[in-house]
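# Chain and residue survey
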Amino acid sequence: MKIHVLGSAAGGGFPQWNCNCTNCYGVRSGRIEATARTQSSIAVSLDEERWLLFNASPDLRAQLEATPALQPRRGLRGTGIHAVVLADSQIDHTTGLLLLREGCPLDVYCTDMVAEDLSTGFPIFKMLESWDGGVNHHQIPVDGSSFKVTGMEGLRITAVPLDGKAPPYSPHRHDPHIGDNVGFYIEDTQNNTAIFYAPGLGVMTQRLLDIMMAADCVLVDGTFWQEDEMIVAGVGSKLAAEMGHLPQSGDNGMMQWMNKLTGPRKILIHINNTNPILIEDSIQRQQLTSQGIEVAWDGMAFEVVPQSRDSEVLRRKHGEYAHA
Ligand code: MLT
Ligand code: MN
Ligand code: ZN
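Here we summarise the structure given alongside this text. In this text, all values refer to a predicted model and were calculated from it rather than measured experimentally.

Reading the values: rules and limits
Residues numbered from 1 in each chain as written. Chains lettered and ligands numbered in written order. Predicted model: local features only at pLDDT ≥ 70, side-chain atom pairs only at ≥ 80, totals over all residues. Heavy atoms only, no water. Core = buried A, V, L, I, M, F, W, Y, C linked by side-chain atoms within 4.5 Å. Buried < 20%, exposed > 50% of the residue type's maximum accessible area, 1.4 Å probe, protein only. Helix = DSSP H or I, 4+ residues; strand = E, 2+ residues; numbered from the N terminus. Pairing = 2+ DSSP bridges. Axes fitted to C-alpha atoms, helices over the stretch in contact; angles between N-to-C directions. Donors = N, O, S within 2.8 Å, 3.2 Å for Na, K, Ca; no water.

On to the nonpolar core, then. Core analysis: the biggest nonpolar cluster contains 40 residues, and F196, L201, M204, M212 and V220 have the highest contact counts within it. Contributing elements (two or more residues each) for this core: α1 (22-29), β10 (193-198), α7 (206-213), β11 (217-221), α9 (254-259) and β13 (293-295). With five residues, α7 is the single largest residue contributor to this core. Listed in part, the 31 residues of the second largest apolar core include I3, A83, I267 and M300.

Below you can see the structure in the form of structure tokens.
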């Protein structure tokens, strides 16, 4: 299974268009050791011909231009994008669907809750009906059963419901439902490798840790370094928890959880522009590095390599993790 990180920043990107915070100003002026990043999305492939897009970022057009593997190869019109899978209905994860309008009908896999948001509060599914065939919505189960994408049957995907809020424009913003936010356990059934992808993850649990333990690589929420980061930076009033993101530092923070993960490669993704880990020579970044945690960057591409792990985890991996 091959992974392409198309975008590694949180909503707004890095730098954010209207932001003059230390990081955004720093990267624009070249005063900090940091690289610009587009909004979060990854592409996954088994044959490097057909790619499954996980989330469709507002930066998708630039991401495709930067990624030859996903560009048209033959015929007058074409794309490497076989289908799209959505983790939630947030702007930074779905707006890119509008940029794919010339390729309708689009096969889009998402939960019923996400499909509802994208037909009501942010009605891009409805809008796309005006293009040939619009969106074919394939329902993602949220009961722990896996699903397959037609034409990419070598991948087995299981949505893992996560705590979090629906976006501000969702009709059920204040009434959380299972399926508003999910992570994905993605298995290559041929090579028996797996990744866990969750760009928005507000609460870690032992069960989530077990799922991650069964993966060879995890790509998880790296939005904030600290709980009150937006407030301290002077750019917002919300805590990380209110936004559905678990910060890296602090008691029960992502770093503490990641330290319990012994097998898989650990990568943080969906980094907010206020996060000091974007500065490559910051102490926060050094702390991650010393603990074997990587920070995703746009253009990062790799083959998932099986990790060594104890037999108990292997057993779980060969069975359905959901029944572990
Ligand atoms: C989030 O995940 O909290 C988003 O990045 C917020 C946004 O897109 O504005
Ligand atoms: Mn986001
Ligand atoms: Zn900023």
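Ordered in space as β6-β5-β4-β3-β2-β1-β14, the seven strands form an open sheet in which the pairing is mixed. This sheet does not close on itself; its edge strands, each paired only once, are β6 (135-139) and β14 (301-303). Taken pair by pair, the neighbouring strands of this sheet meet at an average axis angle of 25 degrees, ignoring direction. Sheet topology note: the strand β5 (residues 106-110)/β6 ladder contains five bridges and is parallel. Paired with C110 across the strands is Q139, a residue of β6.

On to the coordination of the manganese ion (ligand 2), then. Protein-derived coordination of the manganese ion (ligand 2) comes from D92 (OD) and H270 (NE2), at a distance range of 2.1 to 2.2 Å. Of this pair, D92 sits in helix α3 (residues 91-94) while H270 is found in the loop between β12 (265-269) and α10 (283-290), placing the two residues 178 residues apart along the sequence. With a relative accessible area of 5%, H270 lands in the buried category.

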